[in-house]
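# Tertiary structure, described
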Amino acid sequence: MKHIILFCVLLCTYTNLKAQGITDGSRVNGSFQVDGQYYMPDDALGINDSVIGGRKLGLNGFGKITYTLGNFTAGLRYEAYMTPILGFDPAQEGNGFPFFFVSYNSELIEVTAGSFYEQFGNGLVLRSYEEWTLGYDNAISGIKVVYKPFRGVSIKGVYGNQRYYWEKYERNKRGLVRGADAEVDLNEAIGSLQSSDFRVIVGASAVSKYQADNDPIYNLPENVGAFAGRLNLGWNRFNFMTEYAQKINDPSVMNNYIYKNGHAVLSSLSYSQKGLGVVLQLKRVDNMSFKSDRGISGNVLDIGFIPPINRTHSYSLAARYPYATQPNGEMGMQFQVNYKIPKGSLLGGKYGTGLAVNFSQVNDIKRTALNDTTPVGMPGTLGYSSGFFDVSDKILFRDLNIEVDKKFNTSWKAVFQYMNQYFDIETLQGKAGKKPVQAHIAVADVTWRVNAVNSLRMEAQGMWTKEDKGDWAGLLLEYAIAPTWFFTLADQYNYGNPDADQRHHYYMASFGYTKQATRVALTYGRQPEGVICVGGVCRQVPAASGLTLSLTTNF
Amino acid sequence: MKKYLILLSLVVFVQLLQAQQSEIPTVTIKTLDGKNFITTEISNDGKPVILSFWALWCKPCQKELDAFNELYDEWQEETGVKIYAVSIDDSRSTSRVMPFVNGKGWDFEVLIDANSDLKRAMNVNMIPHTFLIDGNGKIVAQHTSYFEGAELELYEKVKKLAGKK
């Protein structure tokens with residue numbers, strides 16, 4: 001309750017100040033979002049009153065306000081989970097102000113006190129961010145300084161502790177995070193290179209965490225350092241990026257308390273010109289989980305971020321088996337070609353045809369026992385050895401997908417996709433004893449523009465697999481009156497489920513209204529069990545049935 | 001009870017601030033080739049600017065930008081409007097953005113907001129989210145979501161700003 005009073009007091013104070021004209025020259029901005037769900041029992045899906053547990057309502061909401069006056073900015077965010085929507089961690093429950101800050105920002109220096117988000121390079125050794133749809137937030141509370149002493153040079157320093165739901169920081173429980181990063185854009189920094197075709201950006205980071213050692217068995221490192229170096233080269237239409245990170249020994253729940261050092265490397269090479277883009281990405285990760293509490297697992301308190309390098313699919317069946325990074329070890333590659341078949345050619349037609357081919361594969365790394373008496377990964381030892389190019393035959397994930405997008409005339413256009421996926425469900429979703437899923441997926445997304453602002457969109461999807469839940473078919477119809485209204489009807493049918501009693505229809509009806517930045521959407525229906533992933537983080541979503549309201553706006 | 005109070009106070013608050021006109025906040029993001037880009041560099045000699053947030057995983061965003069791209073020559077000729085498309089793809093896919101943009105043949109400026117710093121500063125909760133900025137750098141309109149034809153309404157506003165109507 002006190003939070004609401006505080007919120008109202010702030011509000012009234014501001015209104016007052018505004019009325020008196022004291023705030024002239026200043027700006028107030030903010031936004032809020034509420035996602036509410038009302039759950040209904042659904043016997044067919046196995047959701048009865050006891051599954052819901054009497055909790056019929058789930059509500060996630062936030063409101064944030066930023067105040068700017070000259071070079072100063074102050075802001076805070078209020079969050080409420082009462083109770084959290086199904087699939088969010090129960091530890092989210094509660095409400096309060098988890099995020100507030102004051103900052104000063106000039107061309108030379110930027111100083112932030114309070115909560116902040118930051119990323120060094122690709123984030124391998126430090127990335128704090130939030131992803132509302134997943135309930136993910138590892139904001140750092142403390143101090144951040146960004147200093148730009150010369151043109152093309154940027155130096156950053158951070159110090160603080162990370163957010164862990166609503167739990168207050170206590171010095172001897174979770175860790176402290178300290179980090180520094182420097183980046184030099186040589187073309188900017190060195191006058192004679194400014195007009196060069198050859199572009200070079202170099203950067204380096206160092207991060208260390210401190211966590212007291214209260215372990216009764218092991219002698220654990222209280223300070224764990226991680227270091228990364230990166231290079232970005234550009235030459236005409238070519239671009240090369242690489243980052244290498246190393247972490248000293250950091251025994252934790254995540255790596256089963258082994259004392260091995262960790263490393264990760266992420267590289268990409270691309271070529272592009274108008275109408276054509278090609279990119280190849282490679283990565284290797286070995287024992288690189290880096291959290292500010294060694295005793296914790298799950299999607300919390302991550303200091304570093306190991307990006308998965310495969311395509312994030314937009315269509316629901318294509319995204320049924322999403323890959324998530326394996327921080328303990330993986331080696332993968334991705335290759336993508338984007339090509340626009342020119343207008344006027346045979347295949348290009350009047351408007352040109354877009355073509356995209358994407359392939360990615362991730363294998364486990366190969367681990368070799370240190371000696372005859374120590375099994376691989378034994379706690380309290382160095383764990384195993386694995387050379388830089390040691391890759392295992394075990395495929396964790398593979399995805400080949402082809403996409404064509406085509407405009408036929410002013411009223412018809414379509415996107416077609418075919419995907420072939422391999423998904424090691426035992427490793428990636430912990431479903432012991434289950435065979436890897438091998439699936440073919442096809443999608444057709446066709447839009448008919450009825451007139452200037454009215455359109456009808458049809459999305460047909462199919463997934464064919466012998467494993468897990470078997471075959472699926474999906475159909476979605478969406479009528480939109482741009483830019484304001486939409487009405488959607490959809491069904492996903494698990495017609496090939498090996499268990500005949502589980503061949504459910506997951507029907508859904510939805511409509512929404514959008515005006516400027518305000519959007520309201522109401523959805524009624526069933527939601528299949530699945531995984532939602534954004535960036536590198538995924539969240540399990542249980543099957544549910546009911547009503548969902550989503551409201552978002554800003555000011 | 002609490003929930004309703006929060007909702008109510010937020011709604012009231014929004015009402016109070018509706019008249020406010022904002023500018024683009026100063027945030028450092030990146031260009032496609034990895035250089036730092038300070039948002040104060042977003043400008044168009046007193047002519048309107050469209051700033052649109054998108055990502056590789058967002059189909060409606062790509063449809064919106066495809067629609068812009070198709071009309072961009074015409075729009076530029078008539079009003080001088082300039083489009084910036086800000087990708088919020090994180091380090092998972094930042095290196096795929098440039099090949100994708102070129103593969104699409106998009107002609108506008110594309111920027112990379114890999115840790116969503118600008119997205120947060122501009123209070124973007126969902127994408128696509130598109131801002132219209134006047135010649136003095138003030139945000140005059142914004143819209144979240146995209147459906148076929150929404151670009152026409154946006155362009156009407158652009159024309160008004162450019163004094164063509």
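### Description of the overall build of chain A
Secondary structure assignment for chain A yields four helices and 30 strands. Expected size for 555 residues packed as a compact globule is a radius of gyration near 24 Å; at 26 Å, chain A falls within 12% of this value. Taking all contacts inside chain A whose residues are at least 6 apart in sequence as the whole, residues at least 24 apart take part in 56%.

### What to know about the overall build of chain B
From N to C terminus, chain B includes five helices and seven strands. Along the chain direction, N to C, the helices and strands of chain B fall in the order α-β-β-β-α-β-α-β-α-β-β-α. Here chain B holds 165 residues, and the buried ones make up 54% of them. Excluding contacts between residues fewer than 6 apart, the proportion of contacts in chain B whose partners are at least 24 apart in sequence is 70%.

### Overview of the domain arrangement of chain A
Residue and element names in this part refer to chain A. Per the domain assignment, the segments of chain A are domain 1 (1-80), domain 2 (106-272 + 280-307) and domain 3 (309-555). Every contact between the two is made by 16 residues of domain 1 and, on the other side, 15 residues of domain 3. Here the residues of the side of domain 1 that touches domain 3 are counted per class, giving eight nonpolar, six polar and two charged.

### Quick word on the pairing of strand S5 (residues 109-112) of chain B
Residue and element names in this part refer to chain B. Here strand S1 (residues 28-31) runs beside S5; their pairing, made up of two bridges, is antiparallel. Looking at S5, one finds that Thr 31 is bridged to Leu 111. Both strand S4 (residues 82-87) and S5 contribute to a ladder of four bridges, which runs parallel. Bridging from a neighbouring strand, Val 86 pairs with Leu 111 of S5.

### Some remarks on the interface of chain B and chain A
At the junction of the two partners, chain B supplies 53 residues and chain A supplies 76 residues. Breaking the side of chain B that touches chain A down by element, the ones donating at least two residues are helix H1 (2-17), helix H3 (94-104), strand S7 (139-144) and helix H5 (150-161) of chain B. The element contributing the most residues to the side of chain B that touches chain A is H1(B), with eleven residues. A per-class count over the side of chain B that touches chain A returns 20 nonpolar, 21 polar and twelve charged.

### What about the pairing of strand S15 (residues 238-247) of chain A?
Residues and elements named next belong to chain A. Residues of S15 alternate between two faces, with Asn 239, Met 241, Glu 243, Ala 245 and Lys 247 buried on one and Phe 238, Phe 240, Thr 242, Tyr 244 and Gln 246 left unburied on the opposite face. Pairing between strand S14 (residues 223-235) and S15: ten bridges, direction antiparallel. Residue pairing for S15: Gly 229 is matched across the bridge by Tyr 244. Once S14 ends, the chain turns through two residues before running back antiparallel as S15, passing Asn 236 with a positive phi of about 45°. Judged from the ten bridges that link them, S15 and strand S16 (residues 262-273) form a sheet pairing that is antiparallel. Among the inter-strand pairings, Lys 247 is bridged to a residue of S16, identified as Gly 262.

### Here we look at the nonpolar core
Of all hydrophobic cores here, the largest spans 49 residues; its most connected members are B:Trp54, B:Ala55, B:Val86, B:Val97 and B:Ile127. Mapped by element, the contributors of at least two residues to this core are strand S3 (49-54), helix H2 (59-79), S4, H3, S5, helix H4 (117-121), strand S6 (129-133) and H5 of chain B. Counting residues in each nonpolar core, the second largest holds 35 residues, with A:Val34, A:Leu76, A:Ile140 and A:Val207 among its members.

### Some remarks on the sheet that holds strand S2 (residues 36-38) of chain B
Residue and element names in this part refer to chain B. Here seven strands make up an open sheet; going across it, the order is S2-S1-S5-S4-S3-S6-S7 and the pairing mixed. Because the sheet does not close on itself, it has two edges, and the strands there are S2 and S7. Shown here is a sheet whose adjacent strand axes are inclined to one another by a mean of 30°, direction ignored. Across three bridges, S1 lies against S2 in antiparallel orientation. Residue Ile 29 lies in a different strand from S2, and its bridge partner there is Phe 37. The sheet contacts of H2 involve S3 and S4, and relative to S3 the element is tilted by about 150°. Strand contacts of H5: S6 and S7, with the helix running at about 15° to S6, the strand carrying the most contacts.

### Considering H5(B)
Residue and element names in this part refer to chain B. With twelve residues, H5 should reach 16 Å at 1.5 Å per residue; the first-to-last C-alpha distance of 17 Å fits that figure. Those residues of H5 lying buried are Ala 150, Glu 151, Leu 154, Val 158 and Leu 161. Buried residues along H5 cover an arc of 90° about the axis, so they all sit on one side. Taken together, the buried residues of H5 touch H2, S6 and S7. Following H5 by one or two positions, Gly 163 adopts a phi angle in the positive range, close to 70°.

### Some thoughts on the packing of H2(B) against H5(B)
Residues and elements named next belong to chain B. Two numbers describe how H2 lies on H5: the axes approach to 11 Å, and their chain directions differ by 25°. Between H2 and H5, the angle is such that the two are roughly parallel. Note on packing geometry: the crossing formed by H2 with H5 is right-handed. Packed against H2, whose contacting residues are Glu 64, Ala 67, Phe 68, Leu 71, Trp 75 and Thr 79, the element H5 presents Glu 151, Tyr 155, Val 158 and Lys 159 at the interface. Tallied by class, residues from the contact of H2 with H5 come to six nonpolar, one polar and three charged.

Rules of the game
Residues numbered from 1 in each chain as written. Chains lettered and ligands numbered in written order. Predicted model: local features only at pLDDT ≥ 70, side-chain atom pairs only at ≥ 80, totals over all residues. Helix = DSSP H or I, 4+ residues; strand = E, 2+ residues; numbered from the N terminus. Rg over C-alpha atoms; globule rule 2.2 N^0.38 Å. Contact = placed C-beta atoms within 7 Å. Buried ≥ 20, exposed ≤ 12 C-beta atoms within 10 Å, placed from the backbone. Domains from an automatic or database assignment. Nonpolar A, V, L, I, M, F, W, Y, C, P; charged D, E, K, R; others polar. Pairing = 2+ DSSP bridges. Core = buried A, V, L, I, M, F, W, Y, C linked by C-beta atoms within 7 Å. Axes fitted to C-alpha atoms, helices over the stretch in contact; angles between N-to-C directions. Expected span 1.5 Å × (residues − 1). Arc of directions from axis to C-beta. Parallel < 35°, antiparallel > 145°, perpendicular 65-115°, else oblique. Left-handed = near helix turned anticlockwise from the far one by under 90°.

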